[in-house]
Amino acid sequence: MTHEHHNLPTPVDKDVLISRIVDGIASESDWASFETLCSQDASLWQDLAASQRFNQELLITVESQLSVADDIQLPMDPHVLPTHRLKMALSWSGWAIAAALTLTWALGLSTGLNNTKGNTAGLVPTISTPDEAFDRYLSLGQSSGTVINEVPTKVLLHSTRLPGESGFQVIYIRQIVERAIVSDINLYRMDQDETGRPVPIRITPRIQPVSNTQSDSIYNADPI
Amino acid sequence: MTGMKATDDHTRVCRAIQGDQQALCALWQMHRRWVAAILLAHKPKQVELDDLLQEVAMLLVKNIKSLKDPAAFKGWLRTIAINTARVAARSPARTRSVPLNPAIQTQIRTPVDQFNAPALKEEASKVLNLALQLPEAYREPLILRCVQGLSYRRIATVLSLPETTIETRIARARKMVRQMALADQPLSQHS
């Protein structure tokens, strides 16, 4: 870096001089000023050494922290952003779970799950594993428009090391984004009032563009 | 920053406002490091930096067309970053989503992985913690100064302050960190 301090008034503050030396931008006159100050107070050399050391550590630590930035790409379609999908998944998680259960149950009936005696005559693929059932649910849901997609990241709930260091058992949530059309949005959840009695709370999904001052809350919850 | 680079930056901002996605991507790649530094200076401890940076990236894409003055781009982006960090601080609970794909996990960068000795690593983390305890006016320029290639002049542009003020604040911030670190007994034992 070149000298960046030509307009500063003189004499320069000793901390500014130390800072310039730490940055490697001190001029000859800066060094001369600093040495003059040190001849009156030798502890300034110790201040300089300590500043050099802490600055070096800070540089490496911050640089290491900021390295995650290189992995963050700009999402170019705001409608399918990961965060947007996550918020959608969270806001509609109740619907998604109910729908997933219903669809899986329906698929189970129609595709022969729990019914191995039925003759599919090769028209409907036999589903024999949970993964196959899930893939079928996704593809059917997407073709019918009720399923948008699965959120790529999974929410980790718990992990346990398996005996013999053979790995970990992880318990996690898979998130599915679904689409539903409702005519009258009046959703309720149970909460407690100030006396501890159960009380229904109306939840109105708030749909608004994201702004700089947005709240992370995606609900307006009004006690009835 | 040279005049040529500043002009390039201004042109990219203008093009990005008009919907040029390539220009917007180039802008993001140029500025995301210092945006991360702003987030680091303002975010609550428990929130992951990459989560917030992703949020800022999303807001940039969504709102770039609303930017009226291309010259105000850096200040505007800084405001978005600060607001994002503040919203995160107000949120009572944030769930950390963990990618379970092993291929992805191996790509996760480990912070402070450039230190070989554990004691040095610990001390470096302490210095960062001390820096993050500084008043905002000193914390922000000091953290920005740690971004590679970010001169006093560019920091002054981002923070909309005179260059001399930036230099003074960084000097004061370094002095405060030094005094706090030397007053901290476990840290000074390594001296």
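Cut-off values and rules
Residues numbered from 1 in each chain as written. Chains lettered and ligands numbered in written order. Predicted model: local features only at pLDDT ≥ 70, side-chain atom pairs only at ≥ 80, totals over all residues. Helix = DSSP H or I, 4+ residues; strand = E, 2+ residues; numbered from the N terminus. Buried ≥ 20, exposed ≤ 12 C-beta atoms within 10 Å, placed from the backbone. Contact = placed C-beta atoms within 7 Å. pLDDT = per-residue confidence, 0-100. Axes fitted to C-alpha atoms, helices over the stretch in contact; angles between N-to-C directions. Parallel < 35°, antiparallel > 145°, perpendicular 65-115°, else oblique. Left-handed = near helix turned anticlockwise from the far one by under 90°. Nonpolar A, V, L, I, M, F, W, Y, C, P; charged D, E, K, R; others polar. Core = buried A, V, L, I, M, F, W, Y, C linked by C-beta atoms within 7 Å.

**Considerations on the overall build of chain B**
Here is step 1 of the chain: Secondary structure summary: chain B contains 10 helices and 0 strands in total.
Here is step 2 of the chain: Moving toward the C terminus, one meets the helices and strands of chain B in the order α-α-α-α-α-α-α-α-α-α.
Here is step 3 of the chain: When the 191 residues of chain B are sorted by exposure, 37% land in the buried category.
Here is step 4 of the chain: In chain B, 61% of the contacts between residues at least 6 apart in sequence involve partners at least 24 apart.

**Details of the overall build of chain A**
Here is step 1 of the chain: The secondary structure content of chain A amounts to 6 helices and 7 strands.
Here is step 2 of the chain: Listed N to C, the secondary structure of chain A is α-α-α-α-α-α-β-β-β-β-β-β-β in terms of helices and strands.
Here is step 3 of the chain: For chain A, the proportion of its 224 residues judged to be buried stands at 17%.
Here is step 4 of the chain: Of all intrachain contacts in chain A linking residues separated by at least 6 positions in sequence, the fraction that spans at least 24 positions is 40%.

**What to know about the environment of A49(A)**
Residues and elements named next belong to chain A.
Here is step 1 of the chain: Positionally, A49 belongs in helix α3 (residues 43-66).
Here is step 2 of the chain: Residue A49 is classed as partly exposed on the basis of its C-beta count, with 13 C-beta atoms lying within 10 Å.
Here is step 3 of the chain: For the pair A49 and I18, spaced 31 residues apart in sequence, the C-alpha to C-alpha distance is 9.3 Å.

**Topic: the confidence of the model for chain B**
Residue and element names in this part refer to chain B.
Here is step 1 of the chain: When pLDDT is averaged along chain B, the result is 82; 78% of the residues meet or exceed 70.
Here is step 2 of the chain: Within the model, pLDDT remains below 50 along residues 103-112, and this stretch shows 11 contacts once partners closer than five positions in the same chain are excluded.
Here is step 3 of the chain: Complex prediction metrics read pTM 0.58 and ipTM 0.79.

**Description of unusual backbone geometry**
Residue and element names in this part refer to chain B.
Here is step 1 of the chain: A positive phi angle is found at S160, which is not glycine, with a value near 55°.
Here is step 2 of the chain: In this structure, S160 sits in the loop between α8 (152-159) and α9 (163-183).
Here is step 3 of the chain: For S160, a count of 10 C-beta atoms within 10 Å corresponds to the exposed category.

**Some details on the packing of helix α2 (residues 21-42) of chain B against helix α3 (residues 49-63) of chain B**
Residue and element names in this part refer to chain B.
Here is step 1 of the chain: The N-to-C vectors of α2 and α3 enclose an angle of 130°; their axes lie 10 Å apart at closest approach. As far as their axial angle goes, α3 and α2 are oblique. α2 and α3 meet at a crossing whose hand is right-handed. Between α2 and α3, the residues in contact are W28, R32, V35, A36, L39 and L40 and L49, L52, L53, V56, A57 and L60, respectively.

**Quick word on the packing of helix α7 (residues 136-145) of chain B against α8(B)**
Angle between the axes and distance between the axes are the two parameters that describe a pair of packed helices.
Residues and elements named next belong to chain B.
Here is step 1 of the chain: Relative to each other, α7 and α8 sit at 135°, their axes nearing to 10 Å. Between α7 and α8, the angle falls in the class oblique. Like other packed secondary-structure pairs, α7 and α8 cross with a definite hand, here right-handed. Here α7 contributes E140, P141, L144 and R145 to the contact with α8, which in turn contributes I155, V158 and L159.
Here is step 2 of the chain: Of the residues assigned to the contact of α7 with α8, the class counts are 5 nonpolar, no polar and 2 charged.

**Brief notes about the confidence of the model for chain A**
All names here are of chain A.
Here is step 1 of the chain: Chain-level pLDDT for chain A is 70 on average; 55% of the residues reach the 70-or-more range.
Here is step 2 of the chain: By mean pLDDT, strand β7 (residues 219-223) is the weakest element of chain A at 40, and helix α1 (residues 14-23) is the strongest at 93.
Here is step 3 of the chain: Segment residues 78-96 is flagged for pLDDT under 50; beyond a separation of four residues in sequence, or across chains, it makes 31 contacts in the model.
Here is step 4 of the chain: In the model, residues 208-224 has pLDDT below 50 throughout and makes 27 contacts with residues more than four positions away in sequence or in other chains.

**Digging into the nonpolar core**
Here is step 1 of the chain: Residues A36(B), A37(B), L39(B) and L53(B) are the most contacted members of the largest nonpolar core, which totals 66 residues.
Here is step 2 of the chain: Each residue touching A37(B), except ones within four places of it in the same chain, is listed here: L66(A), I143(B), L144(B), C146(B) and V147(B).

**Here we look at α8(B)**
All names here are of chain B.
Here is step 1 of the chain: Turning to α8, its buried residues number three or more, namely Y152, I155, T157 and V158.
Here is step 2 of the chain: Check the buried side of α8 and you find it contacts α2, α4 (73-90), α7 and α9.
Here is step 3 of the chain: Following α8 by one or two positions, S160 adopts a phi angle in the positive range, close to 55°.

**Some remarks on the environment of M176(B)**
Residues and elements named next belong to chain B.
Here is step 1 of the chain: Inspection of the secondary structure puts M176 in helix α9.
Here is step 2 of the chain: Judged by local crowding, M176 falls into the partly exposed class, with 19 C-beta atoms found within 10 Å.
Here is step 3 of the chain: Through-space distance from the C-alpha of M176 to that of A131 is 8.4 Å; in sequence the pair is 45 residues apart.
Here is step 4 of the chain: Setting aside residues up to four positions removed in sequence, M176 forms contacts with L134 and Y138.

**Re the environment of I72(A)**
Here is step 1 of the chain: For I72(A), the position within the fold is in the loop between α3 and α4 (82-91).
Here is step 2 of the chain: Taking the number of C-beta atoms within 10 Å as the measure of exposure, I72(A) has 21 and is therefore buried.
Here is step 3 of the chain: In contact with I72(A), other than residues within four places in its own chain, are R32(B), D50(B), L53(B), Q54(B) and A57(B).

**Quick look at α7(B)**
Here is step 1 of the chain: α7(B) sits mainly inside the fold: 8 of its 10 residues count as buried.
Here is step 2 of the chain: Taken as a whole, α7(B) has its buried residues at Y138(B), R139(B), E140(B), P141(B), L142(B), I143(B), L144(B) and R145(B).

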